[in-house]
Structure formats: structure tokens, C-alpha cells
Amino acid sequence: MELEIRIKILLVGDPGVGKSSFVQYLKLYSRFIIDPQTETKISEIPNSTIGVNIETIIVNNRVYELWDVSGSQQYKAARHIFYNNFHGIFLVHDLSNSKSLFNLTSWLREVNSSSLDSIETKNDKDNHFDMESGRFSSSGRIMPLLMVGTKKFEVSNNRNSKGSEQIFSRASKFSSTIRAEEIHVDNEENMRYFCNSGYKNKLDQFLKNCGQFCDSAYSVSGYSKTSINRDTGLRLR
């Protein structure tokens with residue numbers, strides 16, 4: 001029986017910051033790195049997520065499940081059911097909205113307090129979150145993180161260049177505080193531009209870290225893995 005291991009990544013952040021658009025961005029990225037002649041921009045902006053939306057991408061022969069969790073307050077009581085058996089977190093915020101940036105701390109606390117898993121693994125990377133204590137640590141129980149700032153062009157095209165610099169600096173300081181790498185994206189961005197930037201390397205490294213975290217789960221007692229039978233389509237635990 002052939003199994004396809006699925007690496008589960010959460011996308012969390014305030015409503016309206018662009019999580020669903022970033023999922024489409026990632027789907028475009030996964031196609032572009034295989035065929036650069038494909039489309040280079042997101043064709044349409046998706047509707048707001050109801051509860052959770054799950055999309056799948058394949059990057060470097062690994063399958064990633066992207067769990068786009070609604071940031072709406074009306075789903076807060078039910079979100080905990082999605083915080084289970086995951087292998088990384090995209091922390092999404094709107095660069096033009098400082099509140100959405102600082103609220104990422106609350107999102108991390110929510111995921112940590114609601115997680116149904118006891119995650120026990122070790123890694124020497126700094127950009128991980130300590131799921132047991134709620135602190136950021138380079139060792140112990142950790143989780144790969146990547147902070148994603150959206151609406152990059154809206155901020156960079158601001159006539160007040162000093163204000164733009166302050167926004168990017170604020171985001172950079174916050175990412176350092178939580179010891180996460182960060183990337184900036186925009187719906188209008190040409191994928192060729194992104195793939196020629198340093199952000200591509202950061203995204204690839206994050207996805208690789210998530211894959212390694214998933215692989216390490218096999219050796220952790222009591223930690224279930226998510227896989228799928230290609231013949232039947234049934235999910236196996």
C-alpha cells in the first residue's frame with residue numbers, strides 16, 4: 001500500500017489580512033517553480049473563509065496541506081478542532097495594519113492553548129515556537145513558524161517613505177521578538193520577482209523545516225501521522 005504523507009500547515013491571523021489570497025499565492029508558486037511559463041499572478045481574489053478551507057500543494061516532491069483558518073470571531077469557539085496534528089504555522093498579517101501584526105501573539109497563544117497534541121521533538125533552528133511553555137525557544141517542544149506580511153506594494157508605494165520604513169522595521173522587530181523568519185508578499189506581485197528574491201529561500205526553508213518536523217513525528221511516541229491511501233483516498237491515522 002503506497003502512502004502519501006501530508007504535511008499540515010496552519011494559516012492564522014486576523015480576518016481580512018489576506019490568508020486565503022496567500023494560499024492562492026502558494027498554489028501559484030508551486031506551479032511556477034515547475035513551469036515558469038505558467039501564469040505569474042493570482043487570477044482572482046478568493047472569498048472570506050467560513051470555518052476552515054484546506055488546499056494542497058506539492059513542492060519539491062512533498063505534499064503540503066494548507067489549513068486556512070478563519071479569523072472571524074464567530075468561529076473562535078470551534079477553531080480548536082483544527083489545531084491538531086500540524087507541522088508548521090504561517091502567521092499572516094497586513095503590513096498596513098499594525099494591530100494585525102501585534103495580534104499574532106494572541107493567535108500563537110490560541111493555537112498553543114488549544115492544541116490537542118503534545119509535540120515532542122528537538123531542533124536547533126531559532127524560528128520555532130515552544131508549544132509546551134508558550135515561549136519561543138531554540139530547543140524543546142518546537143514548531144516551525146513563518147511570518148507573512150501582505151499588501152507589500154500598498155506600503156512600499158506610500159508617498160511617505162519614512163512611514164513605509166517604519167512599517168517594515170516594526171514588522172522586522174516583531175519577527176525577531178518571536179524568533180520567526182518573515183517574508184512580504186502582494187497579490188499584484190509577479191511570481192518571477194518573488195522567485196528572484198531572498199524571500200523564496202526563506203519560504204523554501206520553512207517548508208523544508210515543516211517536512212522535517214513531520215518526519216520527526218514518526219519517532220515520537222503517541223504522535224499520529226496524517227497520510228492518505230492513493231488507491232482509496234481514505235485518510236489513515
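Residues numbered from 1 in each chain as written. Predicted model: local features only at pLDDT ≥ 70, side-chain atom pairs only at ≥ 80, totals over all residues. Heavy atoms only, no water.

S.K.: How should I be thinking about the state of the cysteines in this particular structure?
M.R.: Any covalent bond linking the sulfur atoms of two cysteines counts as a disulfide. Under the criterion given, the structure shown has zero disulfides. There is no disulfide at C210, and the cysteine sulfur nearest it, in C214, is 9.3 Å away. (Disulfide = S-S within 2.5 Å.)

S.K.: Help me understand the pattern of salt bridges, please; the structure alone is not making it clear to me.
M.R.: The full count for this structure, using the stated rule, is eight salt bridges. The shortest N-O distance in the salt bridge between K152 and E189 comes to 2.7 Å. Of this pair, K152 sits in helix α4 (residues 152–156) while E189 sits in the loop between β6 (181–184) and α6 (191–195), and the two are 37 residues apart along the sequence. Each member of the pair, K152 as well as E189, carries the same accessibility label: buried. (Salt bridge = Lys/Arg side-chain N within 4 Å of Asp/Glu carboxyl O. Helix = DSSP H or I, 4+ residues; strand = E, 2+ residues; numbered from the N terminus. Buried < 20%, exposed > 50% of the residue type's maximum accessible area, 1.4 Å probe, protein only.)

S.K.: Hey, could you run me through the confidence of the model for the protein in this one?
M.R.: Low pLDDT means the predicted coordinates in that region are not meant to be read closely. For the protein, per-residue confidence averages 81 on the pLDDT scale, and 77% of positions sit at 70 or higher. Ranking the helices and strands of the protein by mean pLDDT puts strand β5 (residues 145–150) first, with 97, and strand β8 (residues 235–236) last, with 36. Low pLDDT, under 50, characterises residues 117–125; the stretch is placed with 31 contacts to residues that sit more than four places away or in other chains. Residue range residues 221–237 is modelled with pLDDT below 50. Its contacts to residues more than four positions away, or to other chains, number 41 contacts. (pLDDT = per-residue confidence, 0-100. Contact = heavy atoms within 4.5 Å.)

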